[in-house]
Amino acid sequence: MKIDGIPTRTLRAHPDQRAIDIIDQTRLPHALHWVRVATLDEAAHAIRAMQVRGAPLIGATAAYGLAIALDFEASDTRLSEAVAVLGATRPTAVNLHWALARMRRRLIELPEAERVAAAYAE
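Residues numbered from 1 in each chain as written. Predicted model: local features only at pLDDT ≥ 70, side-chain atom pairs only at ≥ 80, totals over all residues. Heavy atoms only, no water.

A. Main features of the overall build of the protein chain. For the protein chain, the helix and strand inventory stands at five helices and five strands. What you see for the protein chain is a C-alpha radius of gyration of 14 Å, in line with the 14 Å of a compact globule of 122 residues. Counting all 122 residues of the protein chain, 43% fall into the buried class. In the protein chain, once contacts between residues fewer than 6 apart in sequence are set aside, the share between residues at least 24 apart is 51%. Element-wise, carbon and sulfur atoms account for 53% of the exposed surface of the protein chain, whose accessible area totals about 6600 Å². Seen as two clouds, the 15 positive and the 14 negative side-chain charges of the protein chain have centres 8 Å apart. (Helix = DSSP H or I, 4+ residues; strand = E, 2+ residues; numbered from the N terminus. Rg over C-alpha atoms; globule rule 2.2 N^0.38 Å. Buried < 20%, exposed > 50% of the residue type's maximum accessible area, 1.4 Å probe, protein only. Contact = heavy atoms within 4.5 Å. Areas by Shrake-Rupley, 256 points an atom, 1.4 Å probe, with all protein chains shown as cover. Lys, Arg positive; Asp, Glu negative; His and termini not counted. Charge placed at Lys NZ, Arg CZ, Asp CG, Glu CD.)

Dropping the structure here:
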């Protein structure tokens with residue numbers, strides 16, 4: 001995306017803060033508004049409310065949302081719940097489900113203590 005002719009990322013990751021910033025695309029082109037996403041519910045809302053648009057960005061937001069969710073608890077149950085919550089936001093979004101499946105495959109075999117770092121790295 002370009003803003004005033006300057007390439008701009010639509011998602012900025014802050015793993016040290018366990019959060020991401022997204023451009024609220026529902027407000028474009030009239031306003032540039034960044035939204036902080038720091039919880040599973042906020043990530044799910046951003047996808048459901050179409051604050052993030054485009055298949056790759058939806059998938060990336062879901063992957064970061066999963067990482068954020070695991071920061072609070074990294075159990076198998078929490079992983080499954082977070083995948084279900086995010087997956088329900090846009091049932092037909094192919095990249096969303098691809099990203100969640102990839103994250104789940106990467107994380108499920110890891111010890112809980114290693115999941116958050118692995119999720120952000122993925």
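B. Focus on the environment of Thr-8. With respect to the helices, strands and loops of the structure, Thr-8 is situated in the loop between β2 (6–7) and β3 (11–14). Taking the C-alpha atoms as reference, Thr-8 lies 9.9 Å from Ile-23; in sequence the two are 15 residues apart.

C. Structural context of the packing of aromatic side chains. Inspection of every chain in the model, using the stated rule, returns one aromatic pair. A centroid spacing of 6.2 Å and a plane angle of 50° characterise the contact between Tyr-64 and Tyr-120, whose relative ring orientation is tilted. Within this pair, whereas Tyr-64 is found in helix α2 (residues 55–72), its partner Tyr-120 is found in helix α5 (residues 112–121), the two being separated by 56 residues in sequence. Given the relative accessible area of 12%, Tyr-120 is considered buried. (Phe/Tyr/Trp six-rings, centres within 6.5 Å; stacked < 30°, edge-to-face > 60°.)

D. Examining the nonpolar core more closely. In this structure, Ile-22, Ile-47, Leu-66, Leu-86, Leu-96 and Leu-107 are the most contacted members of the largest nonpolar core, which totals 35 residues. If you list the elements that add at least two residues to this core, you get β4 (19–23), β5 (34–37), α1 (40–48), α2, α3 (76–87), α4 (94–108) and α5. Ranked by the residues each element gives to this core, the list is headed by α2, at nine residues. Those residues in contact with Leu-107 that sit more than four places away from it in its chain are Leu-66, Leu-70, Leu-79, Arg-115, Ala-118 and Ala-119. (Core = buried A, V, L, I, M, F, W, Y, C linked by side-chain atoms within 4.5 Å.)

E. Representation of the sheet that holds β4. With antiparallel pairing, the three strands of this open sheet are ordered in space as β3-β4-β5. In the strand order of this sheet, the two ends are held by β3 and β5, each with one partner. This sheet shows a mean twist of 20° between the axes of neighbouring strands, independent of strand direction. Bridging between β3 and β4 involves four bridges; their strand directions are antiparallel. Bridge pairing in β4 links His-14 to Ala-19. (Pairing = 2+ DSSP bridges. Axes fitted to C-alpha atoms, helices over the stretch in contact; angles between N-to-C directions.)

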